[in-house]
Amino acid sequence: MSDVVTFQKYDDIATICIDNPPVNAAGHAMRQGVVAALDALEADPQIKAIGLYCAGRTFVAGADIREFGKPPQAPILPDVCTRLENSSKPIVAVLHGTALGGGLELALCCQARVGLVGSKVGLPEVNLGLLPGSGGTARLPRLTDTKTAVKMITGGAPISMAEARDCGIIDRLEEGDPAELAQRMARDIVAGNLTPRVTKDLAVDLDAEVIQAARAKFTAMGSKGAVALRALTAIESATQPLDTALATERALFIAALDSDEHHGLKHAFFAERAVANIPEAAATPRDINKVGVIGGGTMGSGISTAMLLAGLPVTVIETAEDRVEFAKKTILGNLAGAVKRGKLSADAHDATVARLSVTTDMQNLSDADLVVEAVFESMEVKHEVFGKLDAICKPGAILASNTSYLNLNEIAKAVKRPADVIGLHFFSPAHVMRLLEVVVADKTAPEVVATGFALAKRLKKVAVRAGVCDGFIGNRILAHYAKSTGYMMLDGADYAQIDSALEGFGAAMGPFSVGDLAGLDIGWAERKRRAPLRPPEERLVEVADRICEAGNFGRKTGKGYYIYGEDGSKTKNPDVAKYIAAEQAAKGITPRSFSDEEIVNRYITAMISEAARVVADGIALRPIDVDAVFLFGYGFPRRRGGPLCYADKIGAQVLVDRIKTYAKDDPYYWQVPALLQKMADDGTTFADLNKER
Ligand code: 3H9
């Protein structure tokens, strides 16, 4: 018998158990094991029905994603599915946990399906740039209505087992233990209490209107709708004879395996998980049962909301009564929004609010396990706050700063317990954005780092370990590449064109629109802070300063690069053209035009350059950590996998050549990073570096 698939006989029934941790993925050994078990049980004349179930936390959660891109090893999953479908003995699949992708496809080929209450089924392949490749598109529309099939296959979100029962995907909803249920259900089949429903024998009747509406929607989405459109094409062939439909689906699946979207989305899937692999992973996290937050502004309120949503009691410290009221109002507003978005159940709302207290008395933090400081970005202010916390907080309490760029080693000097100091850099809105940069100072204790990662998991965030430097991973890279857009604008590119070119690349919003949304005063203050540090060789773009000097800070004042009408309109601010022209004239710049391609190339190359330096300096542990930061904190298009995954697609030599070309006009800004040059010379990639580190 195989290591991962075993079977047991009980009189005239048998069970097959798949035990392939962590998620029972349908890897090669598992596929071989299922076929071998089936061969043995079919050959036994005593066995009349079989129950198929999984050990551990879930039924098969899909094909083994790690095998994609490698030569397929027989038996391939579609053949295992067909083998189950053609079994001479009825098989009932018992689904628990998350029966996803190839897992659900295996179940669709069994002669009956039973699901456990509280579990889910889904076909999430589109989230990996794929479509179901083991008959899901051909078989699901035979069991359920077109609308459900299209939604599940092209949308990728799972549905509850109760919904699956209601729409015909499973035959019964049961409670109990999968092993026990597998026996019971097989016996029910033998006794005639559970009637097999063989998918291939059911008729397909696709609703043309639903298909047409979906096709129109995905077509209108352009390249962003391509993955869903491919999946829809497979669904449409479900009306063909099963063999033909399966062949069409297989051909589309193989083409999808080769697509850029799949490559990027697969990388993003593993990036989300790979970042948890840190040097401090073996340390035991400290218990966090009570949290303090210093500062109830937008950031502090967002952090407090995130903690409350994770079930933690929070004490927020503000400086004055009116600020206390503002913080309360903001947090309550955030919680009401969470109820609306389905992130907090209405029943749990009042209990969540009851866990919040907002006060001006810092002594209330004496029993907090963790305090996150989210006050004004000034070393002086941070030192004052950390000095007070050192005196008030109990031994073992973690003292965290939410600073987005200040030197954490300096901040830690304000306390007598630097081992307890860490950076927890949340991204705004902190209760929504998934990224948490965990910044590790020279003296931070390993268990404090491990606690940061454990907390992120509790908050359902993606934690990425960062070293200390100005801006850590994300903001350091952002500070560099953001300049490229200003340079292009001053050299003649229309800023609205820059926005639309980068939106075409996949950014949710172009950089000038983002600046307006975030508030141009933030960048203005930051430029003033950095002004004394700015080397004389560095180009300066002053357009944004002119906009701010006129009292326009973007959306919050109704005017920035764009003018925002009360009716939701957005038009270019004509003053900006005047500021640009004046600066060009003063600096002797003859404006030229830029193609969308050049805009994207310069922007991405600037981003990759600084990202390469961040990796070389050890600020990020691996290239994949930079990718995770940009995917979960900066809206980098997921289908492109992250800046350094995308860099491998471009190639190190091409990037080096581009930088050298751009450097002819601005040799200070465009310098070839040593790591990129080395990769170009050695013919290596960031993916190679991910494997090494
Ligand atoms: C497919 O099925 C194609 C077919 O139609 C056709 C084929 C021909 N493979 O997420 P977690 C690992 S496409 C390999 O932290 P959770 C994961 O990397 C597939 N590994 O746990 C992690 O490893 P590590 C369709 C997988 O409880 C560990 O398991 N299916 C796979 O938070 C734990 O994962 C999907 O897309 C896999 N399929 O969430 C489902 N899945 O510990 C993808 C997980 O070394 N998976 N791993 O970092 C998920 O959505 C979640 O993992 C799941 C569990 C909800 C199952």
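Treat the numbers as computed from the prediction; the structure is a model and nothing was measured. The numbers attached to residues start from 1 for each chain and follow its sequence in the written order. In view of the model being predicted, local features appear only for residues whose pLDDT reaches at least 70, and side-chain atom pairs are presented and counted only at 80 or more, with totals across whole chains, interfaces and linings using the full set of residues.

1. Observations regarding the overall build of the chain
In step 1: Strands are runs of DSSP state E lasting at least two residues, helices are runs of H or I lasting at least four, and both sets are numbered from the N terminus onward. Helix and strand content of the chain: 29 helices and 19 strands.
In step 2: Note on method: radius of gyration uses C-alpha positions; expected globular size equals 2.2 Å times residues raised to 0.38. For 693 residues, the compact-globule estimate of 2.2 N^0.38 gives 26 Å, and the chain sits close to it at 28 Å.
In step 3: Principal-axis analysis of the C-alpha atoms places the extent of the chain at approximately 90 × 60 × 55 Å.
In step 4: Counting other C-beta atoms within 10 Å of its own, a residue is labelled buried from 20 upward, exposed at 12 or fewer, and partly exposed in the gap between, with every C-beta atom placed from the backbone. Within the span of the chain, comprising 693 residues, buried residues form 47% of the whole.
In step 5: When contacts within the chain are restricted to residue pairs at least 6 apart in sequence, those whose partners lie at least 24 apart make up 72%. Remark: residues whose backbone-derived C-beta atoms lie within 7 Å of one another are considered to be in contact.

2. Quick word on the domain arrangement of the chain
In step 1: Marked domain ranges trace back to an automatic or database domain assignment. Along its sequence, the chain is organised into domain 1 (5-258), domain 2 (291-469) and domain 3 (475-618 + 621-692).
In step 2: Each of domain 1 and domain 3 was reduced to a C-alpha centroid, and the two centroids are 45 Å apart.

3. Digging into the pairing of strand β12 (residues 356-359)
Along any regular strand, the residues point their side chains to alternate faces of the sheet.
In step 1: Side chains Leu356 and Val358 of β12 all project onto a buried face; the interleaved residues Ser357 and Thr359 project onto a face where none is buried.
In step 2: Two strands pair when backbone bridges link them, and strand β11 (residues 314-317) and β12 are joined in this way by 4 bridges, in the parallel orientation. Looking at the pairing, Ile317 lines up with Thr359 of β12. When DSSP locates at least two bridges between a pair of strands, those strands are taken to pair.

4. Focus: unusual backbone geometry
In step 1: The residue after Pro21, namely Pro22, is reached through a cis peptide bond having omega 5 degrees.
In step 2: For Pro22, the location among the structural elements is in the loop between β2 (13-18) and α1 (28-42).
In step 3: Residue Pro429 follows Ser428 across a cis peptide bond; omega there is -10 degrees.
In step 4: Its place among the elements puts Pro429 in the loop between β15 (421-426) and β16 (435-439).
In step 5: The backbone of Asp11 shows a phi angle near 55 degrees, a positive value even though the residue is not glycine.
In step 6: Mapped onto the secondary structure, Asp11 falls in the loop between β1 (5-10) and β2.
In step 7: Taking the C-beta count within 10 Å as the criterion, Asp11 has 10 such neighbours and is therefore assigned exposed.
In step 8: Phi is positive for Lys460, close to 60 degrees, though the residue is something other than glycine.
In step 9: The residue Lys460 is located in the loop between α17 (446-458) and β17 (462-466) in this model.

5. Observations regarding the sheet that holds strand β5 (residues 98-100)
In step 1: The mixed open sheet is built from 3 strands, whose spatial order is β5-β7-β8. Looking at strand neighbours, the two that pair on one side only are β5 and β8 (159-160), the edges of this open sheet.

6. Points about the nonpolar core
For soluble globular proteins, nonpolar side chains are generally found buried alongside one another.
In step 1: Val92, Val371 and Val438 are the most contacted members of the largest nonpolar core, which totals 205 residues.
In step 2: The dominant element in this core, judged by the number of residues it contributes, is helix α24 (residues 596-616), at 10 residues.
In step 3: Contacts of Val438, omitting those with residues within four sequence positions, involve Ile422, Gly423, Leu424, Val449, Gly452, Phe453, Ala463, Val464, Arg465 and Ala466. For our purposes the nonpolar core covers buried Ala, Val, Leu, Ile, Met, Phe, Trp, Tyr and Cys residues that link as a set through C-beta atoms within 7 Å.

7. Some remarks on the site of the ligand
In step 1: Nearness is defined per residue: the C-beta atom, placed using the backbone, must lie within 6 Å of the molecule or strand. Ala61, Gly62, Gly101, Gly102 and Gly133 are the nearest of the 25 residues found near the ligand.
In step 2: Here the residues of the shell around the ligand are counted per class, giving 12 nonpolar, 8 polar and 5 charged. Note that Gly is not counted as nonpolar here; it falls among the polar residues with everything else outside the nonpolar set of Ala, Val, Leu, Ile, Met, Phe, Trp, Tyr, Cys and Pro and the charged set of Asp, Glu, Lys and Arg.

8. Description of the sheet that holds strand β13 (residues 370-373)
In step 1: The strand order β12-β11-β10-β13-β14-β15-β16-β17 describes an open sheet built from 8 strands, whose pairing is mixed. Looking at strand neighbours, the two that pair on one side only are β12 and β17, the edges of this open sheet. If you compare each strand with its neighbour and ignore which way they point, the axes differ by 25 degrees on average.
In step 2: Taken together, the 4 bridges between strand β10 (residues 291-294) and β13 define a ladder with parallel strand orientation. Counted as the bridge partner of Ile294 is Glu373 from β13. Axis angles are defined between N-to-C directions and span 0 to 180 degrees, where every axis is a line fitted to C-alpha atoms and, for a helix, only to the segment in contact.

9. Details of the pairing of strand β6 (residues 112-116)
In step 1: Among the 5 residues in β6, 5 count as buried, and that is most of the element.
In step 2: Neither face of β6 is exposed, since Ala112, Val114 and Leu116 on one face and Arg113 and Gly115 on the opposite face are all buried.
In step 3: Of the pairings in the sheet, the one linking strand β4 (residues 91-95) to β6 comprises 4 bridges and is parallel in character. What sits directly across from Val94, in β6, is Val114.
In step 4: Note: β6 against strand β9 (residues 172-174), 3 bridges, orientation parallel.

10. Here's the deal with the environment of Ile47
In step 1: Topologically, Ile47 is positioned in the loop between α1 and β3 (49-54).
In step 2: When the 20 C-beta atoms within 10 Å are taken as the criterion, Ile47 is described as buried.
In step 3: C-alpha of Ile47 to C-alpha of Phe218: the two residues are 171 residues apart in sequence and 48 Å apart in space.
In step 4: Apart from residues no more than four positions distant in its own chain, Ile47 is found in contact with Lys9, Asp12, Ile13, Ala14, Leu41 and Lys89.

11. Observations concerning the packing of helix α27 (residues 652-663) against helix α28 (residues 674-682)
When two helices pack together, their arrangement is given by the angle between the helix axes and the distance between those axes.
In step 1: At a closest axis distance of 8 Å, the pairing of α27 and α28 adopts a crossing angle of 130 degrees. In terms of their interaxial angle, α27 and α28 are classed as oblique. Considering how the two elements wind past one another, α27 and α28 form a crossing that is left-handed. Residues Ala652, Gln653, Leu655 and Val656 of α27 touch α28, and the partners they reach there are Leu676, Gln677, Met679 and Ala680.
In step 2: A per-class count over the contact of α27 with α28 returns 6 nonpolar, 2 polar and no charged. Angle categories: roughly parallel below 35 degrees, roughly antiparallel above 145, roughly perpendicular from 65 to 115, and oblique for all the rest. Note: crossing handedness is left-handed where the near helix turns anticlockwise from the far helix by less than a right angle, and right-handed where it turns clockwise.

12. Re the packing of helix α5 (residues 146-155) against helix α9 (residues 226-236)
In step 1: Put simply, α5 and α9 touch, their axes get as near as 9 Å, and they point 140 degrees apart. Between α5 and α9, the interaxial angle falls into the category oblique. As for the relative orientation of α5 and α9, their crossing is right-handed in sense. Contacts from Ala149, Val150, Ile153 and Thr154 in α5 reach Ala228, Ala231, Leu232 and Ile235 in α9.
In step 2: A per-class count over the contact of α5 with α9 returns 7 nonpolar, 1 polar and no charged.

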